[in-house]
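Notes for the structure review
So you can see what is in the structure, the chains are spelled out below.
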Amino acid sequence: MTEGVEAVMINRYWVKRTGLGLVGALLVSLAGCGGESMAPASEMETVETGAASDWVDRQLPNPTGEVILDWAELPDDREWGSTAGIDIGPDGHVWAYDRCGGMALAGGCEENSDRDPIFKFNKDTGEIMAAFGAGLFVLPHGLHVDDAGNVWVTDSQGNESGTKGHQVIKFSSEGEELLRLGTAGQPGSGPGQLNEPCDVITAPNGDIFVSDGHSGQSPDPPEGRTGRILKFDSEGNFIKEWGEIGFRPGQFRTPHAMEFDSQGRLYVADRGNHRIQIFDQEGELLEIYTQYSRISGLFITADDTLYAIDSESGVGNHPGWKTGVRIGPAGEDRLTGFVPPHPHDVRVLQGVAGEGVAVDGDGNIYAAEGPGSRPTAGGGITKYVAN
């Protein structure tokens, strides 16, 4: 990216974030600090109500009605832990994982290695249709089901013995292991290595994209952490990567989720920077969206409707924004709907919402409840029934 194009992107980004004429001062500040460091966007912006912001009282239509908490039950009276990964398979049914009873980033699946973390649920009844993956994961994070029905899951943490984690595992729909990316238990930043992989998705031609670097949104990321997208061919051979930790266009502070639209453009939830970055499949930055808040999960339907779920916005990291599911046309940075979060006694203004989102063919929305929302939601998946 040329310096001129980058300056335009930064200008547009901060105009959208603030709605104020502060861009010139910001660019001077960037030049003065040499691009080495910058306070997080949530600490710098001035938020005001109106079209340029999303204050807690902004009103948008909710396309759903009934809310079904704890929609899908686990076998043997298992209690749900937290989750973040959910998708719809080519047959229309729902795939998700449970962290084997674990509630946060500490791996419940390492301690409970006899429990299957990956499940397929009937979209109408919530009945379990498939279950597998026991003993293979430390902390499942991203989940993707490709057009052939294969299930891809990232394992974003490593175990103490260095034998599991920091990988992507591909399964058949019956649970047969088909492919691994990365080296088990060995994080790295070199080509083909993974370091806290967040999400995985496949293009129509079979190419594989992995978003890597869960710790990048930290104020002071640990040494060696990453913020990047890696591209592999369908056989798992490394092709290229782009991105690093930062706030500039094309940089990331935790690329938490990914989706493709019907044109094959790659949407990346750049959570720590409160934006969606859109790329072509060679890594060229096409657009930046800022209306969708601090995004943890993405889903794009066949008609190019974009759903983005915010599980993290709060007074300390993104003041003035609610959690919940924001909805709009994928081709525009414009909102047309909003599914509000679960009410919460402490987070009265922001509420709590899940980390993953998926939408079935009938327009029903499913939220995968992360560690922040799982205790309130009472289960791992909430179903929002379409009006």
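Located above this text is the structure these notes cover.
Thresholds, definitions, all that
Residues numbered from 1 in each chain as written. Predicted model: local features only at pLDDT ≥ 70, side-chain atom pairs only at ≥ 80, totals over all residues. Heavy atoms only, no water. Disulfide = S-S within 2.5 Å. Buried < 20%, exposed > 50% of the residue type's maximum accessible area, 1.4 Å probe, protein only. Helix = DSSP H or I, 4+ residues; strand = E, 2+ residues; numbered from the N terminus. 1 Å grid on protein atoms, 1.4 Å probe; cavity = no way out; pocket = protein on both sides within 12 Å on 5 of 7 lines; lining within 4 Å. Points joined across faces, edges and corners; volume = space filled by probe spheres on them. Polar contact = N/O pair within 3.5 Å; in protein donor to acceptor, adjacent residues only side chain to side chain. Contact = heavy atoms within 4.5 Å. Salt bridge = Lys/Arg side-chain N within 4 Å of Asp/Glu carboxyl O. Pairing = 2+ DSSP bridges.

**Quick look at the state of the cysteines**
Across all of its chains, the model carries one disulfide by this definition. Disulfide partner of C100: C109, at an S-S distance of 2.2 Å. Disulfide C100 to C109: torsion about the S-S bond roughly 85 degrees, handedness right-handed. Here C109 falls in the buried class, since its relative accessible area comes to 2%.

**What to know about unusual backbone geometry**
Positioned with a positive phi, D70 is a non-glycine residue whose angle comes to about 50 degrees. Mapped onto the elements, D70 comes out in the loop between β1 (64–68) and β2 (86–88). We classify D70 as partly exposed; its relative accessible area is 34%. Within the chain, D77 stands out as a residue other than glycine whose phi angle is a positive 55 degrees. You can see D77 is positioned in the loop between β1 and β2. A relative accessible area of 79% means that D77 is categorised as exposed.

**Some thoughts on empty space enclosed by the protein**
Scanning all chains against the criterion turns up four cavities of 30 Å³ or more. A volume near 210 Å³ is recorded for the largest cavity. Along the wall of the largest cavity there are 23 residues; nearest its centre are I86, L143, D199, A257 and L298. Contributing elements (two or more residues each) for the lining of the largest cavity: β2, β6 (140–145), β10 (197–202), β14 (255–260), β18 (295–300) and β22 (356–359).

**Section: the side chain of D98**
Within the secondary structure layout, D98 lies in the loop between β3 (94–97) and α4 (108–111). A polar atom in the side chain of D98 sits 2.6 Å from the side chain of R78. Side-chain polar atoms of D98 contact the backbone nitrogen of G101, separated by 3.3 Å. Those residues in contact with D98 that sit more than four places away from it in its chain are L74, R78, W80, G81, S82, C109, P117, F119 and P140.

**Structural notes on the side chain of H144**
For H144, the position within the fold is in strand β6. Residue H144 is classed as buried on the basis of its relative accessible area of 8%. For H144, the side chain forms a polar contact with the side chain of T202, separated by 2.8 Å. Apart from residues no more than four positions distant in its own chain, H144 is found in contact with D87, N150, V151, W152, V200, I201 and T202.

**Structural notes on the pattern of salt bridges**
If you walk through the whole model with that rule in mind, you get 19 salt bridges. Two residues, R271 and E312, come together in a salt bridge whose shortest N-O distance is 3.1 Å. Of the two residues, R271 sits in the loop between β15 (266–270) and β16 (275–279) while E312 sits in the loop between β19 (305–310) and β20 (324–329), which places them 41 residues apart along the sequence. When the shortest N-O distance is used, the salt bridge between R334 and E332 registers 2.9 Å.

**Side note on the pairing of strand β13 (residues 238–242)**
Consecutive residues of a regular strand have side chains that alternate between opposite faces of the sheet. Examined bridge by bridge, strand β12 (residues 228–232) and β13 share four bridges and lie antiparallel to one another. Looking across to β13, one finds that I229 is bridged to W242. Where β12 hands over to β13, the hairpin turn is made up of five residues, of which G236 adopts a positive phi near 95 degrees.

**Brief notes about the pairing of β14**
Summarising burial for β14: six of the six residues are buried, a large majority. One ladder, built from five bridges, connects β14 with β15; its direction is antiparallel. Directly across from A257, in β15, lies its bridge partner A269. Where β14 folds back on β15, the antiparallel hairpin that results is connected by five residues, among which G264 adopts a positive phi of roughly 80 degrees.

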